[in-house]
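The primary structure of each chain is shown beneath.
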Amino acid sequence: MTETANARKIAFATFVRRALDDARAMRAWSGTEVSRRTGVSRQTINRWVRGDWASDPEAERVVAFCEGLGLDPAAAFTALGWDRATGARPTSVPPPMDPDVEALLRRLVDPSVSDAEKFHIRETIRYLAYRPTLSANVRNRGKQAG
């Protein structure tokens, strides 16, 4: 293995390890939860952390990992030594964000907001994001009965 390839593996492994540490510390996510939210298998994430890959990670998986953790994929691409102009495929532009969601995100990074309040915000968002939704048929039956 060339020195450059080894340096890229170490840089990407460090990036992934920091992302996982942040997810654990700030969101209390386990490795399984990170895998579920990013769509990248635990085995793949573990290989990335160990630098145990023969060919470069797939760009789509790197992007999915970053987006699932709220990270800029450009940072991962930089760690991998990818030139954004040639090595990375363009990512789709995210839809405009709701102003209320933007306000919540600002509160989560505001150092003057208490950890308890940040925890409450995260738990509420997590509840709303993953609560089961009723199908349209079930909702309509409730309206017809009333």
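First things first, this report covers the structure right here in the doc. Treat the numbers as computed from the prediction; the structure is a model and nothing was measured.

What counts, and at which threshold
Residues numbered from 1 in each chain as written. Predicted model: local features only at pLDDT ≥ 70, side-chain atom pairs only at ≥ 80, totals over all residues. Heavy atoms only, no water. Helix = DSSP H or I, 4+ residues; strand = E, 2+ residues; numbered from the N terminus. Buried < 20%, exposed > 50% of the residue type's maximum accessible area, 1.4 Å probe, protein only. Contact = heavy atoms within 4.5 Å. Salt bridge = Lys/Arg side-chain N within 4 Å of Asp/Glu carboxyl O. 1 Å grid on protein atoms, 1.4 Å probe; cavity = no way out; pocket = protein on both sides within 12 Å on 5 of 7 lines; lining within 4 Å. Points joined across faces, edges and corners; volume = space filled by probe spheres on them. Nonpolar A, V, L, I, M, F, W, Y, C, P; charged D, E, K, R; others polar. Polar contact = N/O pair within 3.5 Å; in protein donor to acceptor, adjacent residues only side chain to side chain.

### Quick word on the overall build of the chain
Consideration 1: In terms of helices and strands, the chain carries eight helices and zero strands.
Consideration 2: Put simply, the chain runs from its N terminus to its C terminus through helices and strands in the order α-α-α-α-α-α-α-α.
Consideration 3: Residue burial in the chain is summarised as follows: out of 146 residues, 28% are buried.
Consideration 4: A separation of at least 24 residues holds for 56% of the contacts in the chain among residues at least 6 apart in sequence.

### A look at helix α5 (residues 73-80)
Consideration 1: For α5, a buried count of six out of eight residues is recorded, marking the element as mostly surrounded by other parts of the structure.
Consideration 2: Considered for burial, the residues of α5 that qualify are Pro73, Ala74, Ala76, Phe77, Ala79 and Leu80.
Consideration 3: Trailing α5 by a residue or two, Gly81 shows a phi angle of about 75°, which is positive.

### A closer look at the pattern of salt bridges
Consideration 1: Taken as a whole and judged by the stated rule, the model has eight salt bridges.
Consideration 2: Note that Asp56 is salt-bridged to Arg8, the shortest N-O span being 2.7 Å. With Asp56 in the loop between α3 (42-50) and α4 (59-68) and Arg8 in helix α1 (residues 3-27), this pair connects stretches of sequence that are 48 residues apart.
Consideration 3: For Asp56, a relative accessible area of 36% corresponds to the partly exposed category.
Consideration 4: In this structure, Arg36 and Glu33 form a salt bridge, with 2.7 Å as the shortest nitrogen-oxygen distance. Of the two residues, Arg36 and Glu33 both sit in helix α2 (residues 31-38), three residues apart, roughly one turn of that helix.
Consideration 5: Of the residues examined, Arg36 reaches a relative accessible area of 47% and is grouped as partly exposed.
Consideration 6: Each of Glu33, Arg36 and Arg37 takes part in salt bridges that share partners, so that together they form one network.

### Notes on the layout of surface pockets
Using a probe with the size of a water molecule, rolled over the atoms, empty space left in the structure can be pinpointed.
Consideration 1: By volume, the largest pocket amounts to about 850 Å³.
Consideration 2: Lining the largest pocket are 24 residues; nearest its centre among them are Arg27, Leu69, Gly70, Leu105 and Leu108.
Consideration 3: Counting only elements with at least two residues in the lining of the largest pocket, the list comes to α1, α4, α6 (99-109) and α7 (115-130).
Consideration 4: When its residues are assigned to classes, the lining of the largest pocket shows 16 nonpolar, two polar and six charged.

### Looking at the side chain of Thr44
Consideration 1: The topology assignment puts Thr44 in helix α3.
Consideration 2: You can call Thr44 buried: its relative accessible area is 5%.
Consideration 3: A distance of 2.9 Å separates the side chain of Thr44 from the side chain of Ser41, its partner in a polar contact.

Keep in mind these values describe shape, not function.
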